[in-house]
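Survey of secondary and tertiary structure
Listed here are the chains, written in short residue letters.
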Amino acid sequence: MTKAPDGLNLPPGLSSQRLGVLTELAARNDADHGEDLLGLVLSGSVGRGLATERSDLDVYVVLTDQGMGERKTTRSPDLDEIPVPLSQLEEVPPFGSGGWWFRWSFAWAPILLDRTQGRLSSALHRLATVTPDEAATILVEHDRLDGWLNHAYRSLKSDRDGRELERRLDAAESVPWLLDVIFSLAGRVRPYHKYLPWELREHPVPEWDARELLSLLQATLDGDPAAIRATFKRVESLCAIFDDERPVPVLTPIIEGWGDELQILRQ
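First, a word on scope: everything that follows refers to the structure included in this document. (Residues numbered from 1 in each chain as written. Predicted model: local features only at pLDDT ≥ 70, side-chain atom pairs only at ≥ 80, totals over all residues. Heavy atoms only, no water.)

1. What to know about the overall build of the chain
Secondary structure summary: the chain contains 13 helices and five strands in total. Dimensions of the chain, computed from the C-alpha atoms along their principal axes, are close to 70 × 40 × 30 Å. Looking at the chain alone, contacts between residues at least 24 apart form 61% of all its contacts between residues at least 6 apart. (Helix = DSSP H or I, 4+ residues; strand = E, 2+ residues; numbered from the N terminus. Contact = heavy atoms within 4.5 Å.)

Spelled out as structure tokens, the structure:
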């Protein structure tokens, strides 16, 4: 019988087959790496309670730099085993970099094993969160706020001029920009679309009711001008709150810079 290493904490509700795979993985890595094994993190659908029969296990094997050696990710129908050094997890890839999209992999992901006296937990929390300065960079320097305003504005202009297809296309294109705005203002990395409804329900974004926001997003994808205007009103208010907590406002000037053009969003 496979002996699990001390400190292994498996989440409840897993099938016996998945429990067996995780126990074997933990025991094997403990035997192979010893003190170089620093932790195990369960990501993906299984880690968030959204697994289906077709879901595999996504496990990050956290190692020391020395323990990494030549190890690479291995994949099978049941298990993706992803070795990663703790030093890499303690780095914070900026928005727009190749590592940015991996950051959400660690949001709400249960730690199965931690031999770092809290360093691993702190690293994962930092990767999944956005500081106020980081949010300002995303929204201002990377133009996510202005980009969303631009698509929303163009959609409403097309609606005014009777261009239905163009209205819907710009409205749909505005949604990724909008999600970056909403989650950056909330101090969080935007989730992958697959997990968006789950996160909004299980980990609500401040100032947004999950059902209301999902309804607004769906209506925006359908090109509904009322949804775009309702969303703008809420975002404008949240931008003002964000700026109130900074020494110099950075978001309200972007909105005000549109001048009278934004009256079409305020109708």
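2. Let's talk about unusual backbone geometry
Located in the positive-phi region is Gln117, a residue other than glycine, with phi close to 55 degrees. Secondary-structure assignment places Gln117 in the loop between strand S5 (111-114) and helix H5 (119-128).

3. What to know about the nonpolar core
Counting residues in each nonpolar core, the largest one holds 51 residues, and the members touching the most others are Leu145 and Trp148. Counting residues per element, this core draws most heavily on helix H8 (residues 164-185), at eight residues. Core analysis: the second largest hydrophobic core is formed by 18 residues, Leu8, Leu14, Ala26 and Leu63 among them. (Core = buried A, V, L, I, M, F, W, Y, C linked by side-chain atoms within 4.5 Å. Buried < 20%, exposed > 50% of the residue type's maximum accessible area, 1.4 Å probe, protein only.)

4. With respect to the sheet that holds strand S2 (residues 57-63)
Strand order in the open sheet formed by five strands is S3-S4-S2-S1-S5, and the pairing between neighbours is mixed. Strand pairing shows two members of the sheet lacking a second neighbour, strand S3 (74-75) and S5, which therefore form its edges. Direction of pairing for S3 relative to strand S4 (residues 79-85): antiparallel, over a ladder of two bridges. Across the sheet, residue Thr74 finds its bridge partner in S4, namely Glu81. Against the sheet, helix H1 (residues 16-33) engages strand S1 (37-43), S2, S4 and S5, with an angle of about 20 degrees to S2. (Pairing = 2+ DSSP bridges. Axes fitted to C-alpha atoms, helices over the stretch in contact; angles between N-to-C directions.)

5. Quick look at the pattern of salt bridges
Inspection of the entire model under this criterion finds 17 salt bridges. Asp30 serves as the salt-bridge partner of Arg115, at 2.9 Å between the closest nitrogen and oxygen. Linking Arg115 in the loop between S5 and H5 with Asp30 in helix H1, this pair joins segments that are 85 residues apart in sequence. According to the relative accessible area criterion, Arg115 is partly exposed, its value standing at 28%. The partner of Glu81 in a salt bridge is Arg71, with the nearest N and O atoms 2.9 Å apart. Taken together, the residues Glu81 in strand S4 and Arg71 in the loop between helix H3 (65-68) and S3 connect sequence positions 10 residues apart. According to the relative accessible area criterion, Glu81 is buried, its value standing at 3%. Assessed through its relative accessible area of 23%, Arg71 is described here as partly exposed. Each of Glu24, Arg28, Arg71 and Glu81 takes part in one network of salt bridges that share partners. (Salt bridge = Lys/Arg side-chain N within 4 Å of Asp/Glu carboxyl O.)

Function cannot be read off these values alone, since they describe shape.
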